[in-house]
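Each chain is listed here by its residues.
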Amino acid sequence: MLRRRMEFLKEEREKAAVRENGRGDNATHGSADAGDDNKGLEESKHRWQLMHNEVECFAATEIQRAWRGHIVNTDFTRMVISAIAIQAVVRGRQAGHHIA
């Protein structure tokens, strides 16, 4: 699942590069202006930061999903054990009343 998510993010980055530059690569062709290079570097850093934030958000979501699943399973197990204990007490009292 993580691999599919990373592939999706890569495709989205490529699509964003095409939208921004009108082509798939991020390089500036034939530009002698240093300002263009700095702008490209800033855009690259910004895109990397966005990707990093999205991966962190995805990781946090997966951790929360796993933790909630653990909590639900733990609560269910406690409920089943409690029900078994109550049944045992009731059956023990019923058996005691039948013998006496």
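What you see is a predicted model; the values in this text were computed from it and never measured.

Here is what the cut-offs are and how they apply
- Residue numbering note: each chain is counted from 1, following its sequence as written.
- Totals for whole chains, interfaces and linings use all residues, but because this is a predicted model, local features are given only for residues with pLDDT of at least 70 and pairs of side-chain atoms are given and counted only at 80 or more.
- Heavy atoms from the whole structure form the basis of all side-chain values; hydrogens and water molecules are not counted.
- Values of pLDDT, which run from 0 to 100, indicate the predictor's confidence residue by residue.
- Only heavy atoms enter the contact rule, under which two residues are in contact if any of them lie within 4.5 Å.
- Salt bridges are counted wherever a side-chain nitrogen of Lys or Arg sits within 4 Å of a carboxyl oxygen of Asp or Glu.
- Note on conventions: DSSP H or I runs of at least 4 residues are helices, E runs of at least 2 residues are strands, and numbering of each starts at the N terminus.
- Within this analysis, patches are made of residues with over 30% relative accessible area and no salt bridge. Like charges are joined at 9 Å or less; nonpolar side chains (Val, Leu, Ile, Met, Phe, Trp, Tyr) at 5 Å or less.
- Calculation of accessible area relied on Shrake-Rupley with a 1.4 Å probe; when residues are assessed, cover is drawn exclusively from the protein chains displayed.
- Burial classes follow relative accessibility: with a 1.4 Å probe on protein chains only, a residue under 20% of its type's maximum area counts as buried, one over 50% as exposed, and anything between as partly exposed.
- Residues are said to line a cavity or pocket when one of their atoms sits within 4 Å of a point; the points come from a 1 Å grid over protein atoms alone, cavities being sets where a 1.4 Å probe fits but cannot get out and pockets being open sets with protein on both sides within 12 Å along at least five of seven lines.
- Grid points are joined across faces, edges and corners, and a volume is the space filled by probe spheres set on the points.
- Residue polarity is assigned by list, with Asp, Glu, Lys and Arg as charged and Ala, Val, Leu, Ile, Met, Phe, Trp, Tyr, Cys and Pro as nonpolar; anything else, Gly included, falls into the polar class.
- The span one expects for a helix is its residue count, reduced by one, times 1.5 Å.
- Directions from the helix axis toward the C-beta atoms define the arc.

A. Geometry of the confidence of the model for the chain. With 80% of its residues at a pLDDT of 70 or more, the chain shows a mean pLDDT of 79. With pLDDT under 50 throughout, residues 26-31 is counted as low confidence; its partners more than four residues away or in other chains account for 7 contacts.

B. Main features of the pattern of salt bridges. Counted by the stated rule, this structure contains 1 salt bridge. Close ionic contact of Arg65 with Glu62 constitutes a salt bridge, the shortest N to O distance being 2.9 Å. Placement of both Arg65 and Glu62 in helix 2 (residues 34-99) is noted, with a separation of 3 residues, approximately one turn of the helix.

C. View of a nonpolar patch on the surface. A contiguous nonpolar patch, built from Phe76, Met79, Val80 and Ile84 and spanning about 400 Å² of accessible area, is present on the exposed surface. Along the chain, Met79 falls in helix 2. Judged by relative accessible area, Met79 falls into the exposed class, the value being 53%.

D. Structural view of the layout of surface pockets. In this model, the largest pocket occupies a volume close to 160 Å³. Forming the boundary of the largest pocket are Leu9, Glu12, Arg13, Ala16, Arg19, Arg47, Leu50, Met51 and Glu54. Of all the secondary structure elements, the ones that give two or more residues to the lining of the largest pocket are helix 1 (2-21) and helix 2. Here the lining of the largest pocket gets 5 residues from one element, more than from any other, and that element is helix 1. Grouping the amino acids of the lining of the largest pocket by side-chain chemistry returns 4 nonpolar, no polar and 5 charged.

E. Region of the structure containing helix 1. Look at helix 1: 28 Å from first C-alpha to last across 20 residues, which is about the 28 Å you get at 1.5 Å a residue. All buried positions along helix 1 are accounted for by Leu9, Ala16 and Ala17. Seen from one end, helix 1 has its buried residues packed into an arc of 105°, which puts them on one side. Structural note: helix 1 exposes Arg3, Arg4 and Arg19 on the side pointing more than 90 degrees away from its buried face.

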